[in-house]
Amino acid sequence: MSAAQLIGDWHALVVLFVAGVIPNQIWRMLGLWFGGGIDEGSELLVWVRAVATAILAGVIAQIVVEPPGALASVPDGLRYGAVGAGLVVFLLTRRSIFAGVVAGEVFMLAGKWWLG
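Residues numbered from 1 in each chain as written. Predicted model: local features only at pLDDT ≥ 70, side-chain atom pairs only at ≥ 80, totals over all residues. Heavy atoms only, no water.

## Overview of the overall build of the chain
- When helices and strands are counted, the chain shows 5 helices and 0 strands.
- Ordered by position from N to C terminus, the α and β elements of the chain give α-α-α-α-α.
- The C-alpha atoms of the chain give 19 Å as radius of gyration, which overshoots the globular expectation for 116 residues (13 Å, by more than 25%).
- Here the C-alpha coordinates of the chain stretch approximately 50 × 45 × 25 Å along the principal axes.
- By residue count, 13% of the 116 residues in the chain fall in the buried class.
- Contacts in the chain between residues far apart in sequence, at least 24 positions, make up 37% of those at least 6 positions apart.
- For the chain, the accessible area works out to roughly 9,200 Å², and carbon and sulfur atoms hold 73% of it. (Helix = DSSP H or I, 4+ residues; strand = E, 2+ residues; numbered from the N terminus. Rg over C-alpha atoms; globule rule 2.2 N^0.38 Å. Buried < 20%, exposed > 50% of the residue type's maximum accessible area, 1.4 Å probe, protein only. Contact = heavy atoms within 4.5 Å. Areas by Shrake-Rupley, 256 points an atom, 1.4 Å probe, with all protein chains shown as cover.)

In structure tokens, the structure reads:
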């Protein structure tokens, strides 16, 4: 298999990079630059963390209740079980959102694999 067959249309990858990655990275770098001097315990950062967590919870709730695409083939019990597993790991890991999300994903993928 050649590199061209593996990658496919390289023009689409360039467009994806230019339209998706570059604009996103500019905002990340500006955030690092402007936020470098902000105290992590400040009220502003606590508020930002709370809003980000609420948005993540809302997205997860919407995906669990009204699953899009292929996720609709996953049984309801497995989806709710993945949320429960993620919540337990979140609480056990001193409120690590990353650990909770990864645990929920692993639970759902393992359950889907086990169910066939």
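Picking up after the structure, the text goes on.
## Considerations on the pattern of salt bridges
- Under the definition given, this model contains 1 salt bridge.
- Residue Arg 79 pairs with Asp 76 through a salt bridge whose shortest N-O separation is 2.4 Å. Pair noted here: Arg 79 and Asp 76 are both in helix H4 (residues 76-92), with a separation of 3 residues, about one helical turn.
- For Arg 79, a relative accessible area of 3% puts it in the buried group.
- For Asp 76, a relative accessible area of 45% puts it in the partly exposed group. (Salt bridge = Lys/Arg side-chain N within 4 Å of Asp/Glu carboxyl O.)

## Focus: the environment of Val 64
- Checked against the element boundaries, Val 64 lands in helix H3 (residues 43-65).
- Between the alpha carbons of Val 64 and Asp 76 there is a distance of 7.9 Å; along the sequence they are 12 residues apart.
- Apart from residues lying up to four places away in sequence, Val 64 is in contact with Arg 79, Tyr 80 and Val 83.

## Focus: the packing of H4 against helix H5 (residues 97-115)
- Closest axis-to-axis distance for the H4/H5 pair is 7 Å, and the angle between their directions is 145 degrees. The interaxial crossing formed by H4 with H5 has right-handed handedness. Touching Leu 78, Arg 79, Gly 81, Ala 82, Ala 85, Gly 86, Val 89 and Phe 90 of H4 are Ile 97, Ala 99, Gly 100, Ala 103, Gly 104, Phe 107, Met 108, Gly 111, Lys 112 and Leu 115, all from H5.
- Its residues assigned to classes, the contact of H4 with H5 comprises 11 nonpolar, 5 polar and 2 charged. (Axes fitted to C-alpha atoms, helices over the stretch in contact; angles between N-to-C directions. Left-handed = near helix turned anticlockwise from the far one by under 90°. Nonpolar A, V, L, I, M, F, W, Y, C, P; charged D, E, K, R; others polar.)

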